[in-house]
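Here is how the chains run, residue by residue.
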Amino acid sequence: MDGVNTSGVSEFLLLGLSESPEQQRVLFWMFLSMYLVTVVGNVLIILAISFDARLHTPMYFFLANLSFTDLFFVTNTIPKMLVTLQSQNKAISYAGCLTQLYFLVSLVALDNLILVTMAYDRYVAICRPLHYTTAMSPGLCILLLTLCWALSVLYGLTHTLLMTRVTFCGSRKIHYIFCEMYVLLRLACSNTQVNHTVLIATGCFIFLAPLGFMIMSYVWIVRAILQIPSASSKYKAFSTCASHLAVVSLFYGTLCMVYLQPLHTYSMKDSVATVMYAVVTPMMNPFIYSLRNKDMHGALGRLLLGKAFQRLT
């Protein structure tokens, strides 16, 4: 992140979603509350899965890593956002902005790729149940996760290094709460066609191709479930996929609102959509995955209440 600064600026000013002191106070307490809920929720998911041997399965292995990614994701953006909202110093250094951008881009990609591996896990569990143990072996799970991290790091480095080539010679004011890709490109006074072209090309590979894979996986999953004769077995099979489908819908819904559009049309309503995937989605994931999941209920109960929970059950 400490490459040569050819941009002509040493820092940016993060003005946030509003310059009104009253609205900034409201935003500060709102984002602080959401951050604390996100941290507590995702930490509980990680601890429950780590300490409960019954959850040491591929599905929960990927869920724990998704929670870790969400935890890292919000910690990259919200603490600086809270400082900016609370203080008069709105400045963020050029290197700090690029560092924040790198982790933001990388972790969004990682979130997406982990969701793909979870879709593959559900496909194998429902459509190839007799081969599940061998098809989702611990070695393969670690390999898939390593591949997710490698692709995400490469994706983040690509866009961050391309951003170092961009020249900023006009306004340094970012009317937003963190250093986001489209916001920075809107401030550029040099040609950003390469950035935009690479953004679309890599986005198709990192986001649209996995989305297509997930859609095809669920087509096969639905076909397999419909062939199950027992209504209770159908319900159980559907319920194991419902949480994942809800998270995928929330993630892609907010992401598409922001990035499936030309750069020049980016506006304040899109920055609100970015807050949705940057703050709301990581906060909601623990609730979605534990709301109707009896295994998670049991693991969280044993983690928080210990022997008292066992006596209650």
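What you see is a predicted model, and the numbers here were worked out from it, not measured in a lab.

Right, let's talk about the UniProt feature "transmembrane region" (unreviewed entry) in the protein for a bit. Following the UniProt record, one finds the feature "transmembrane region" (unreviewed entry) at residues 26–51, 57–79, 91–115, 135–162, 200–226, 238–260 and 272–291. Across residues 135–162, helical content stands at 93% and strand content at 0%; the span's end C-alpha atoms are separated by 38 Å.

The next thing to look at is the nonpolar core. Among the nonpolar cores identified, the biggest contains 94 residues, and Phe 31 and Ile 174 are the most heavily contacted of them. The leading source of residues in this core is helix H3 (residues 94–127), at 20 residues. Dropping the residues within four chain positions of it, Ile 174 is found in contact with Phe 12, Leu 13, Leu 14, Leu 15, Gly 16, Cys 97, Cys 179, Val 183, Leu 184 and Leu 187.

Further remarks concern the sheet that holds strand S3 (residues 173–174). Spatially, the three strands line up as an open sheet ordered S2-S1-S3, and their pairing is mixed. Strands with a single pairing partner mark the edges of an open sheet, and in this sheet they are strand S2 (91–93) and S3. By the bridge criterion, two bridges tie strand S1 (residues 11–14) to S3 in an arrangement that is parallel. The partner of Leu 13 across the bridge, within S3, is Lys 173. Its contacts with the sheet place H3 against S1, S2 and S3, and it is angled at close to 80° to S2.

With that out of the way, let us pick up the state of the cysteines. Under the definition given, this model contains one disulfide. Not engaged in a disulfide, the cysteine Cys 241 finds its nearest cysteine sulfur in Cys 127; these two sulfurs lie 8.7 Å apart.

Attention shifts here to the packing of aromatic side chains. By the definition in use, this model includes eleven aromatic pairs. Aromatic pair Phe 68 and Phe 72: ring centres 6.3 Å apart, planes at 55°, arrangement tilted. Within this pair, Phe 68 and its partner Phe 72 are both found in helix H2 (residues 58–86), separated by four residues, close to a single helical turn. Since its relative accessible area comes to 39%, Phe 68 is described here as partly exposed. Classification of Phe 72 as partly exposed rests on a relative accessible area of 31%. An aromatic cluster is built from Phe 68, Phe 72, Tyr 102 and Phe 103, whose rings are joined through pairwise contacts.

With that out of the way, let us pick up the pattern of salt bridges. This model, assessed by the stated rule, comprises three salt bridges. Note that Asp 52 and Arg 54 form a salt bridge whose closest N and O atoms lie 3.3 Å from each other. Measuring nitrogen to oxygen at the nearest pair gives 2.8 Å for the salt bridge that ties Arg 122 to Asp 121. Residues Arg 122 and Asp 121 agree in their burial class; the two are buried.

Across the interface, H2 lies against helix H5 (residues 138–163) with an axial gap of 11 Å and an inter-helix angle of 25°. For the element pair H2 / H5, the angle class is roughly parallel. Judged by the sense of rotation from one axis to the other, the crossing of H2 with H5 is right-handed. Across the interface between the two elements, Pro 58, Phe 61, Phe 62, Asn 65 and Phe 68 from H2 touch Cys 141, Ile 142, Leu 144, Leu 145 and Trp 149 from H5. Grouping the amino acids of the contact of H2 with H5 by side-chain chemistry returns nine nonpolar, one polar and no charged.

Residues Ile 215, Met 216, Val 219 and Trp 220 make up a contiguous nonpolar surface patch of roughly 390 Å² in combined accessible area. Its location among the elements puts Ile 215 in helix H7 (residues 193–226). For Ile 215, a relative accessible area of 48% gives the class partly exposed.

The rules behind the values
Residues numbered from 1 in each chain as written. Predicted model: local features only at pLDDT ≥ 70, side-chain atom pairs only at ≥ 80, totals over all residues. Heavy atoms only, no water. UniProt positions renumbered as here; feature names shortened; annotations may be inferred. Helix = DSSP H or I, 4+ residues; strand = E, 2+ residues; numbered from the N terminus. Core = buried A, V, L, I, M, F, W, Y, C linked by side-chain atoms within 4.5 Å. Buried < 20%, exposed > 50% of the residue type's maximum accessible area, 1.4 Å probe, protein only. Contact = heavy atoms within 4.5 Å. Pairing = 2+ DSSP bridges. Axes fitted to C-alpha atoms, helices over the stretch in contact; angles between N-to-C directions. Disulfide = S-S within 2.5 Å. Phe/Tyr/Trp six-rings, centres within 6.5 Å; stacked < 30°, edge-to-face > 60°. Salt bridge = Lys/Arg side-chain N within 4 Å of Asp/Glu carboxyl O. Parallel < 35°, antiparallel > 145°, perpendicular 65-115°, else oblique. Left-handed = near helix turned anticlockwise from the far one by under 90°. Nonpolar A, V, L, I, M, F, W, Y, C, P; charged D, E, K, R; others polar. Patch = residues over 30% accessible without salt bridge, like charges linked within 9 Å, V, L, I, M, F, W, Y side chains within 5 Å. Areas by Shrake-Rupley, 256 points an atom, 1.4 Å probe, with all protein chains shown as cover.

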